[in-house]
Amino acid sequence: MQTTNNRTGIFILLTALFLAGCGEPKPQLDEPSDLSTMAVIPLPATMTATGGGFFLDSETRIYTIHDDEEVQAIAQTLQQALSGHVNAEPEIVLTTNSEEMGIVLELTGTENEGAEGYTMKISEDQLLISAGNPAGLFYAVQTLRQLIIADEKYTYVPTGEIRDNPEYEYRGSMLDVARHFFTTEEVKKLIDYMSFYKYNYLHLHLADDQGWRIEIKSWPKLTEIGGSTEVGGGPGGFYTQEEYKDLVAYASERYVTIVPEIDMPGHTNAALASYPELNCDGKARELYTGTEVGFSTLCTDKEITYEFIDDVVGEIVEMTPGPYFHIGGDESHVTPMEDYIPFVNRVQEIVRDHGKISIGWDEIANGTLLEGNIAQFWADQENAGKAIEQGARLLMSPAYKAYLDMQYDTASQFGLHWAAYIPVDSAYIWSADKLAPEIRRENILGIEAPLWSETISDLDEAEYLLFPRLPGYAEISWTPAEKRSWEDYKQRLSEHGKIWDDLDIDYYRSPRVEWPEKIKL
Ligand code: TNX
């Protein structure tokens, strides 16, 4: 008896030691998902699978190797993203050991992965994310959010390796908050959607004929009068400087840089209604709530116009850490070209004197572009050619491909169709460097998909136009052309329908994709 008891005791002891040393035995997956076919958008440069699973549970820890504020913030983003999956808040632990068993975030300080790139090595014991810069770690976290599988028994990430790095340095979208006003909560949601798909620039169209949406302390009537309405005569609205700064900060925490636009000299009726002195005849214009374009202009030969612009640019630049200020310049149909050109030239100087790079719609290429300034190609190939001849780079927003406000088809609930109907496949099947022979890869800064708001008045309506097209523009900007195919993309896109259902995004169920059944809870 004695012997048996002793033996049992030793057995229990050994088992306990074994478990303490090795952790609990790993669960077995019958058929683990294959990392290389996971529905990641935008598609990473390479994904290779090794056929196992890295399990996530309430014990999973996030290790950071650097006591760096940005890395800690990214670890918290990951912590939040994981907490829904493991019913616990994974602990964040600072360590010096990159071999820890868990999720490890490591800043390498080199740029082997590219300025925004990252590597993710997933084994059964460890999920190691390395990047040269915090942005890369952040993008890896976005990828990881799309890799988590919760089957009936386990929550895990398929094992293998991902190397990733974006094709273009500018991956943007634009929201027109002038035609209809959007609240800061709505803009923040858009920023969430964008950052999930690794967009890094949000261009805000802050002023147009129908509304002025940003507080300018030295010209208070811009918002008092110019911000008081919108298309259709609704109440409009504007961002106080505090709200704008809060948006800039919210975006920057998600690696999105705000590009503010004050459109001029045309598209300025709201300003012309607020201050009579900005008009050549000295008379204030009526507020405008229609959707025509091309009827307004600042008085280009009055000195007060440039004092006004200097004040406006100065106050906005003060709150905008990003490198760009957008000066508009489109559709100035009532500004004679001999006035338009010196105007554009002078405004670029004002922006440069405030330390920013100007972006303008492609018409600004009729002026003399200052070195480093960017023309945003939207309609006119000749203008694009003029910009390239001057050595400027282009931001690519071809309306017939990239305009998020274009209808999908003749039955679309919202949107316009002056440039084209843009169904989800057409929105995806193009490359910025293959649209025109004179526009080559080296002439292109990046891609931007603008959402004009003549026909949409809130985020719900915007979501109908954004989804399912928004992820496609992200992929065109991130993933090189030779890696992209519509056949493969549409399968991945369909998987994302489930994510949007979960987020309550009312997306347009284009018949060109087989969407998952909507599960009503
Ligand atoms: C053209 S794109 C415009 C905007 C309109 C948009 C509607 C551009 C530079 N100008 O003023 O909102 O079409 O699609």
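Quick caveat: nothing in here was measured; it's all calculated off a predicted structure.

## Notes on the sheet that holds strand β10 (residues 201-205)
Next up, step 1: Strand order in this closed barrel of eight strands is β9-β10-β13-β14-β15-β16-β17-β18, and the pairing throughout is parallel. On average, each strand axis in the sheet is tilted by 30° relative to the strand beside it, whichever way the strands run.
Next up, step 2: The sheet contact formed by strand β17 (residues 393-396) and strand β18 (residues 444-451) spans three bridges and is parallel. Counterpart to M396 in the pairing with β18 is I447.
Next up, step 3: Of the strands in this sheet, β13 (257-264), β14 (324-328) and β15 (357-361) touch helix α9 (residues 337-353), which is tilted by about 160° from β14.

## Quick word on the side chain of S296
Next up, step 1: Take S296: it is sitting in the loop between α7 (269-274) and α8 (303-318).
Next up, step 2: Reaching out from S296, the side chain makes a polar contact with the side chain of D209 at a distance of 2.5 Å.
Next up, step 3: For S296, the side chain forms a polar contact with the main-chain nitrogen of T268, separated by 3.0 Å.

## Structural notes on helix α13 (residues 459-466)
Next up, step 1: Within α13, six of the eight residues are buried, leaving the element largely enclosed by the surrounding structure.
Next up, step 2: For α13, the set of buried residues is L459, A462, E463, Y464, L465 and L466.
Next up, step 3: Looking at the buried residues of α13, the elements they touch are α4 (184-196), β18 and α14 (470-478).
Next up, step 4: Where α13 starts, the residue carrying a side-chain oxygen 3.2 Å from the main-chain nitrogen of D460 turns out to be D458.

## So, the state of the cysteines
Next up, step 1: Evaluation of the coordinates by the stated rule reveals one disulfide.
Next up, step 2: Two residues share a disulfide in this structure: C280 and C299, whose sulfurs sit 2.0 Å from each other. Handedness here is read from the sign of the S-S torsion; for C280 and C299, about 95°, the answer is right-handed. Separated by 19 residues along the polypeptide, C280 in the loop between α7 and α8 and C299 in the loop between α7 and α8 bring together distant segments of the chain.
Next up, step 3: Among the residues examined, C280 registers a relative accessible area of 56% and is labelled exposed.

## Some points on the packing of aromatic side chains
Next up, step 1: Inspection of the entire model under this criterion finds 31 aromatic pairs.
Next up, step 2: Judged by centre distance (4.7 Å) and plane angle (65°), the ring pair of Y288 and F295 falls under edge-to-face.
Next up, step 3: Exposure remark for F295: the relative accessible area of 32% places this residue in the partly exposed category.
Next up, step 4: For the pair F414 and Y464, a centre-to-centre distance of 5.7 Å together with 75° between the ring planes defines the contact as edge-to-face. Taken together, the positions of F414 in the loop between α11 (399-402) and α12 (424-428) and Y464 in helix α13 put the pair 50 residues apart, joining distant regions of the chain.
Next up, step 5: Residue F414 is classed as buried on the basis of its relative accessible area of 17%.
Next up, step 6: An aromatic cluster is defined as three or more aromatic residues linked by ring pairs; in this entry it consists of Y193, F467, W500, Y507 and W515.

## As for the site of the ligand
Next up, step 1: Around the ligand there are 13 residues in total, and R179, Y403, D405, W418 and E454 lie nearest to it.
Next up, step 2: Between the ligand and R179 there is a distance of 2.8 Å, counted from an oxygen atom to a side-chain nitrogen or oxygen.
Next up, step 3: Separating an oxygen atom of the ligand from a side-chain N or O atom of W418 is a distance of 2.7 Å.
Next up, step 4: Protein chains shield 97% of the accessible area of the ligand, which is 360 Å² for the free molecule.
Next up, step 5: Considering only residue class, the shell around the ligand consists of seven nonpolar, one polar and five charged.

## Digging into helix α6 (residues 241-253)
Next up, step 1: The end-to-end C-alpha separation of α6 is 18 Å, in line with the 18 Å expected for 13 residues at 1.5 Å each.
Next up, step 2: Within α6 the residues assigned to the buried category are Q241, Y244, L247, V248, Y250 and A251.
Next up, step 3: Summarising the contacts, the buried residues of α6 are in contact with α4, β10, β13 and α8.
Next up, step 4: One or two residues past the end of α6 sits Y255, with phi positive at roughly 60°.

## What about the environment of V513?
Next up, step 1: Counting through the fold element by element, V513 comes out in the segment after α15 (486-502).
Next up, step 2: Sequence separation between V513 and L493 is 20 residues; the distance between their C-alpha atoms is 7.9 Å.
Next up, step 3: Among residues more than four places away in sequence, those in contact with V513 are V424, W486, K490, L493 and S494.

## A word on a negative patch on the surface
Next up, step 1: A cluster of like negative charges, contributed by D30, E31, D151 and E152, occupies part of the molecular surface.
Next up, step 2: Position of D151 relative to the elements: it lies in the loop between β7 (149-150) and β8 (155-164).
Next up, step 3: For D151, a relative accessible area of 33% translates into the label partly exposed.

## Quick word on the confidence of the model for the protein
Next up, step 1: A residue-level look at the protein finds 95% of positions with pLDDT of 70 or above and a mean pLDDT of 94.
Next up, step 2: A low-confidence stretch, residues 13-22 stays under pLDDT 50, and its non-local contacts, those more than four residues away or across chains, total three contacts.

## A look at unusual backbone geometry
Next up, step 1: Here M264 and P265 are connected by a cis peptide whose omega angle stands at 0°.
Next up, step 2: Mapped onto the secondary structure, P265 falls in the loop between β13 and α7.
Next up, step 3: A cis amide bond links F467 with the next residue in sequence, P468, at an omega value of 15°.
Next up, step 4: Tracing the chain through its elements places P468 in the loop between α13 and α14.
Next up, step 5: At Y255, a position not held by glycine, the phi torsion is positive, near 60°.
Next up, step 6: Looking at the element boundaries, Y255 is found in the loop between α6 and β13.

## A short note on the packing of helix α2 (residues 69-86) against helix α3 (residues 134-145)
Next up, step 1: Running from amino to carboxyl end, α2 crosses α3 at an angle of 5°, the nearest separation of the two axes being 10 Å. Classified by the interaxial angle, the pair formed by α2 and α3 is roughly parallel. Along its contact with α2, which presents E70, V71, I74, T77, L78 and A81, the element α3 presents P134, L137, F138, V141, L144 and R145.
Next up, step 2: Residues of the contact of α2 with α3, tallied by class, amount to nine nonpolar, one polar and two charged.

## Brief notes about the pairing of strand β9 (residues 170-176)
Next up, step 1: Burial runs high along β9: seven of the seven residues are buried.
Next up, step 2: Taking every second residue as pointing to the same face, both faces of β9 are buried, with Y170, G172, M174 and D176 on one and R171, S173 and L175 on the other.
Next up, step 3: Direction of pairing for β9 relative to β18: parallel, over a ladder of six bridges. In the strand pairing of β18, S173 is matched with A449.
Next up, step 4: Sheet topology places β9 next to β10; five bridges connect them, and they run parallel. Along β10, the bridge assignment pairs S173 with L202.

Calculation notes
- Residues numbered from 1 in each chain as written.
- Predicted model: local features only at pLDDT ≥ 70, side-chain atom pairs only at ≥ 80, totals over all residues.
- Heavy atoms only, no water.
- Pairing = 2+ DSSP bridges.
- Helix = DSSP H or I, 4+ residues; strand = E, 2+ residues; numbered from the N terminus.
- Axes fitted to C-alpha atoms, helices over the stretch in contact; angles between N-to-C directions.
- Contact = heavy atoms within 4.5 Å.
- Polar contact = N/O pair within 3.5 Å; in protein donor to acceptor, adjacent residues only side chain to side chain.
- Buried < 20%, exposed > 50% of the residue type's maximum accessible area, 1.4 Å probe, protein only.
- Disulfide = S-S within 2.5 Å.
- Phe/Tyr/Trp six-rings, centres within 6.5 Å; stacked < 30°, edge-to-face > 60°.
- Near = heavy atom within 4 Å.
- Areas by Shrake-Rupley, 256 points an atom, 1.4 Å probe, with all protein chains shown as cover.
- Nonpolar A, V, L, I, M, F, W, Y, C, P; charged D, E, K, R; others polar.
- Expected span 1.5 Å × (residues − 1).
- Patch = residues over 30% accessible without salt bridge, like charges linked within 9 Å, V, L, I, M, F, W, Y side chains within 5 Å.
- Salt bridge = Lys/Arg side-chain N within 4 Å of Asp/Glu carboxyl O.
- Lys, Arg positive; Asp, Glu negative; His and termini not counted.
- Charge placed at Lys NZ, Arg CZ, Asp CG, Glu CD.
- pLDDT = per-residue confidence, 0-100.
- Parallel < 35°, antiparallel > 145°, perpendicular 65-115°, else oblique.

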